[in-house]
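The primary structure of each chain is shown beneath.
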Amino acid sequence: MDKLVIEGGGPLLGEVRISGSKNATLPILAATLMTDEPCTIRNVPRLRDTMTMIKLLKSLGKTVEFNENEVRVSSKGSLNYLADYKLVSTMRGSFCVLGPLLAKLKRAKVSLPGGCVIGIRPVDLHLKGLKNLGAKFEFEAGYVMGKTNSLKGNYVYLGGDFGSSVLATANVMMAAVLARGETIIDSAACEPEVEALADFLMAMGAKIKGKGTSRITVNGVKKLHGANFSICSDRIEAGTFVLLAAATKSNITLTGLDYTHILALIDKLQEAGLKFQHADGWLKVKCQRNLKPTSITTYPYPGFPTDLQAQFTTLMAMTPGVSIITDKVFPDRFMHIAELNRMGANIRRDGNSAIIQGIKTLYGAPVMASDLRASAALVIAGLAAKGKTEIHRIYHLERGYENLEEKLVKLGAKIYREKE
Ligand code: EPZ
């Protein structure tokens, strides 16, 4: 296992190109199961999670080539309907093969995804939505077995106690595409990644209206053809670099991003006093002054994204004054607090909130990564802190940030990898 060593303190400078979106890539790769024809998908980030999804597609019977950032998926015969525990348990996003397998094979056996440090991660909304379309489920030894004679369009309400569900919307929308008749999904997730999935399905011949809104209408078709598609940029990576620039008082230009996908973050940082310049495809962050303590509450899109909550917490930990961070999507997503406090932060958890008494300077220390976005929060803290930080268990980081060290070194960061 490797660890990351960071010498913190200096401002960064330069340009960084944002990679393709991990969370758009995963359901889009799953959707290739719904056609026997070849699909070519470009701008796919090379990540642990995308490699896991590719392994899963191969185990289900697909031929997959991954060169540079382009994935070609084709069929070599009939599909297998078993999505194995080994793969699904390492990445919950694999659960979004359930809808496509039911649509294509009328049956599926998918390992129930485990929980993770950010929450118990139930799948009740996925199963409720698919049942509405005519699927029946049994459970055995940690697997969900689904089958259907034929999927039939229906009304589906997908709102849960924590709002809409991104991957439940993906699973139900994909199944609806090959169901007979019309499906209306209400309280659907509006995330750009769900919109990108709808775009890919429509490129394959699906009939979908209302993509990116909370009401999606799908008119079922008999068959889907192959498609060529390019993945949108990763809004969470973009937001992570914006928060890195703010925390290290740097002057960084992001390219290849969609500025409109991170307006909730931009709005909060402008409230804190950060200045931005932007035009088509690029965003310049120049942070020379101290920011004001600013509180946030996370919500489903277009609200402030839970996937930027930990990184924002790091910024507020080093912004003198009191700020309150509330996570309404994953109320337990605070594993990063203990690690930031080891670096001198003064943060207290109170239910689904973190109460931050911001201080001027964090100090380097050995810390432990716990999940993907908490790891990013610790990298930001290490780059902004005085002294040396060692981040252990960085495989979490490799799941969702493409070439992160190279991108940071190019910006002047003193960061390198060492064997544990
Ligand atoms: C997606 O996970 C993302 N992952 C997560 O990003 C992201 O944090 C999350 O959406 C919220 O934006 C991928 O896209 C691969 P949800 P997903 O279903 O779809 C509850 C990252 O860092 N819920 O939208 O699994 C759930 O517990 C990852 O890239 C139910 O109650 O999340 C949560 O409180 C982490 N029942 C809320 O809904 C269900 O059946 C939102 O979860 C499903 C979800």
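Residues numbered from 1 in each chain as written. Predicted model: local features only at pLDDT ≥ 70, side-chain atom pairs only at ≥ 80, totals over all residues. Heavy atoms only, no water.

(A) Up close: the site of the ligand. Around the ligand, 23 residues are found, and the nearest of them are Asp124, Leu125, Ser165, Asp307 and Val329. Val166 is positioned with one of its backbone polar atoms (N or O) 2.8 Å from an oxygen atom of the ligand. At a separation of 2.6 Å, an oxygen atom of the ligand approaches a polar side-chain atom of Asp307. Here the shell around the ligand is built from residues that sort into eleven nonpolar, five polar and seven charged. (Near = heavy atom within 4 Å. Polar contact = N/O pair within 3.5 Å; in protein donor to acceptor, adjacent residues only side chain to side chain. Nonpolar A, V, L, I, M, F, W, Y, C, P; charged D, E, K, R; others polar.)

(B) Spotlight on the sheet that holds strand β7 (residues 107-111). The strand order β6-β7-β9-β8 describes an open sheet built from four strands, whose pairing is mixed. If you trace the sheet from one side to the other, it starts and ends with β6 (82-83) and β8 (136-140), each paired once. Pairing analysis gives five bridges linking β8 to strand β9 (residues 143-147), with the strands arranged antiparallel. Bridging across to β9, Glu138 finds its partner in Met145. Lying on the sheet, helix α4 (residues 98-105) is in contact with β7, β8 and β9; it crosses β7 at an angle near 160°. (Pairing = 2+ DSSP bridges. Helix = DSSP H or I, 4+ residues; strand = E, 2+ residues; numbered from the N terminus. Contact = heavy atoms within 4.5 Å. Axes fitted to C-alpha atoms, helices over the stretch in contact; angles between N-to-C directions.)

(C) Spotlight on helix α10 (residues 309-317). By the criterion of burial, α10 is predominantly enclosed, with nine of the nine residues buried. Where α10 is concerned, the buried positions are Gln309, Ala310, Gln311, Phe312, Thr313, Thr314, Leu315, Met316 and Ala317. (Buried < 20%, exposed > 50% of the residue type's maximum accessible area, 1.4 Å probe, protein only.)

(D) Highlighting the nonpolar core. Counting 74 residues, the largest nonpolar core has Val97, Val110, Met173, Val177 and Leu201 as its most contacted members. At eight residues, the largest contribution of residues to this core is made by helix α6 (residues 166-177). Residues within four places of Val110 in sequence aside, it is in contact with Ala83, Val88, Phe95, Val97, Leu98, Leu101, Tyr143 and Val144. Core analysis: the second largest hydrophobic core is formed by 68 residues, Ala381, Leu404, Leu408 and Ala413 among them. (Core = buried A, V, L, I, M, F, W, Y, C linked by side-chain atoms within 4.5 Å.)

(E) Focus on empty space enclosed by the protein. With the rule as written, the count across this model stands at two cavities of 30 Å³ or more. Within this model, the largest cavity holds a volume of roughly 60 Å³. Every residue lining the largest cavity is listed: Thr240, Phe241, Leu244, Ala376, Val379, Ile380, Leu383, Tyr401, Leu404 and Leu408. Across the lining of the largest cavity, the residue classes break down as nine nonpolar, one polar and no charged. What the second largest cavity holds in volume is close to 50 Å³. As for the second largest cavity, its lining consists of Ala246, Ala247, Lys249, Asn290, Leu291, Leu315, Met318, Thr319 and Pro320. Here the residues of the lining of the second largest cavity are counted per class, giving six nonpolar, two polar and one charged. (1 Å grid on protein atoms, 1.4 Å probe; cavity = no way out; pocket = protein on both sides within 12 Å on 5 of 7 lines; lining within 4 Å. Points joined across faces, edges and corners; volume = space filled by probe spheres on them.)

(F) Region of interest: the domain arrangement of the protein chain. Per the domain assignment, the segments of the protein chain are domain 1 (2-18 + 233-419) and domain 2 (22-230). Taking the mean C-alpha position of each, domain 1 and domain 2 sit 30 Å from one another. Counting residues at the interface gives 23 residues for domain 1 and 21 residues for domain 2. Around 1,900 Å² of area is buried between domain 1 and domain 2 when both sides are counted, 53% of it from carbon and sulfur atoms. Among the residues domain 1 hides against domain 2, the three largest losses belong to Tyr301, Arg399 and Glu402. Together they make up 32% of the total. (Domains from an automatic or database assignment. Buried area = accessible area lost by both parts, 1.4 Å probe.)

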